[in-house]
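So you can see what is in the structure, the chains are spelled out below.
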Amino acid sequence: MSEDRMSETGIRVEEVTSVEAPPKARVADVETAPEKLERKRDYLEGFLAAKPAAVDPHAVGGDLYEAVVNALKDIYDPEIPVNIYDLGLIYNVEIDEGHAVVTMTLTTPHCPVAESMPAEVELRVGAVPGVGDAEVNLVWDPPWSPANMTDEARLELGML
């Protein structure tokens, strides 16, 4: 109920004495608290259901493989200020039960470090924990070219 009247200043004033109660919510249409909080089954279905496949430590992406690659990245060509891995001199790294085989090349067959570089690679890779024996295969086919370099090496040498 309300009553309208005019005040002395000409403003209309409405006094409210009672208000109708708002309609009550219907319980059947409202989810209960446990239903709201319960995770919907289809929300993450297939997303986290399968565990990631285990990575072989000897294969690409494995810890031992990455440790060998990091050891190779510590070896620099004496004539070019870039490590031999980014320079593209390393063609392949295989690790089998602690035996590492590195297939590599040099920039030219007449490279001044042709005798010492493979020995250094063998020593550095053999020093990686988990590698018991290291072997280096020096190949000339395919010949090395600047296309073998990583983008980081090209950037370092001002070729990018």
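Keep in mind it's a predicted model, so treat the numbers as computed, not measured. (Residues numbered from 1 in each chain as written. Predicted model: local features only at pLDDT ≥ 70, side-chain atom pairs only at ≥ 80, totals over all residues. Heavy atoms only, no water.)

Moving on, we get to the nonpolar core. For soluble globular proteins, the rule of thumb is that nonpolar side chains tend to be buried together. The biggest cluster of nonpolar side chains holds 30 residues, and the ones touching the most others in it are V68, L72, I84, M117, V121 and V125. Listing elements by their share of this core, those giving two or more residues are α2 (63-72), β3 (90-96), β4 (99-104), α3 (116-126) and β5 (133-138). Top element by residues in this core is α2. It accounts for six residues. With near-sequence residues (within four places) excluded, I84 lies in contact with L72, I75, Y76, D77, L89, I90, M117 and V121. (Core = buried A, V, L, I, M, F, W, Y, C linked by side-chain atoms within 4.5 Å. Buried < 20%, exposed > 50% of the residue type's maximum accessible area, 1.4 Å probe, protein only. Helix = DSSP H or I, 4+ residues; strand = E, 2+ residues; numbered from the N terminus. Contact = heavy atoms within 4.5 Å.)

Moving on, we come to the environment of E94. Along the chain, E94 falls in strand β3. Here N92 takes part through its side chain, which lies 2.9 Å from a polar atom of the side chain of E94. (Polar contact = N/O pair within 3.5 Å; in protein donor to acceptor, adjacent residues only side chain to side chain.)

What follows is about the sheet that holds β4. Spatially, β3-β4-β5 is the arrangement adopted by the three strands of the open sheet, whose pairing is mixed. Every other strand in the sheet has two partners, leaving β3 and β5 as the edge strands with one partner each. Neighbour-to-neighbour, the strand axes of the sheet open up by a mean angle of 15°, direction not taken into account. On the sheet, α3 packs against β4 and β5 and is oriented at approximately 155° with respect to β5. (Pairing = 2+ DSSP bridges. Axes fitted to C-alpha atoms, helices over the stretch in contact; angles between N-to-C directions.)

A separate point is the pattern of salt bridges. Enumeration over the complete set of coordinates arrives at two salt bridges. The salt bridge involving E120 is made with R124; its shortest N-O contact spans 3.3 Å. Placement of both E120 and R124 in helix α3 is noted, with a separation of four residues, approximately one turn of the helix. The partly exposed category is assigned to R124, whose relative accessible area is 33%. With its nearest N and O atoms 3.2 Å apart, the salt bridge here joins D151 to R154. (Salt bridge = Lys/Arg side-chain N within 4 Å of Asp/Glu carboxyl O.)

Okay, unusual backbone geometry next. A cis geometry characterises the amide bond from D141 onward to P142, with omega recorded as 5°. Of note in this structure, E97 is not a glycine but carries a positive phi near 50°. Here E97 lies in the loop between β3 and β4.

Side-chain direction in a regular strand flips from residue to residue, so the side chains alternate between the two faces of the sheet. Examined bridge by bridge, β3 and β4 share six bridges and lie antiparallel to one another. Note on β4: the bridge partner recorded for E94 is V101. From the end of β3 to the start of β4, which pair antiparallel, there are two residues, and E97 there has a positive phi angle of about 50°.

Residues spaced three or four apart along an α-helix face the same direction, because each turn holds 3.6 residues. Taken together, the buried positions of α3 are occupied by M117, P118, V121 and V125. Buried positions in α3, seen along its axis, are confined to an arc of 100° and lie on one side of it. Where α3 is buried, its residues contact α2, β4 and β5. (Arc of directions from axis to C-beta.)

Our focus in this paragraph is the pairing of β4. For β4, the buried fraction is high: five of the six residues fall into the buried class. Alignment of β4 against β5, held across six bridges, turns out to be parallel. Looking at the pairing, H99 lines up with D133 of β5. As for the winding sense of the linkage, the β-α-β connection from β4 through α3 to β5 is right-handed. (Right-handed = clockwise from strand over helix to strand, strands pointing away.)

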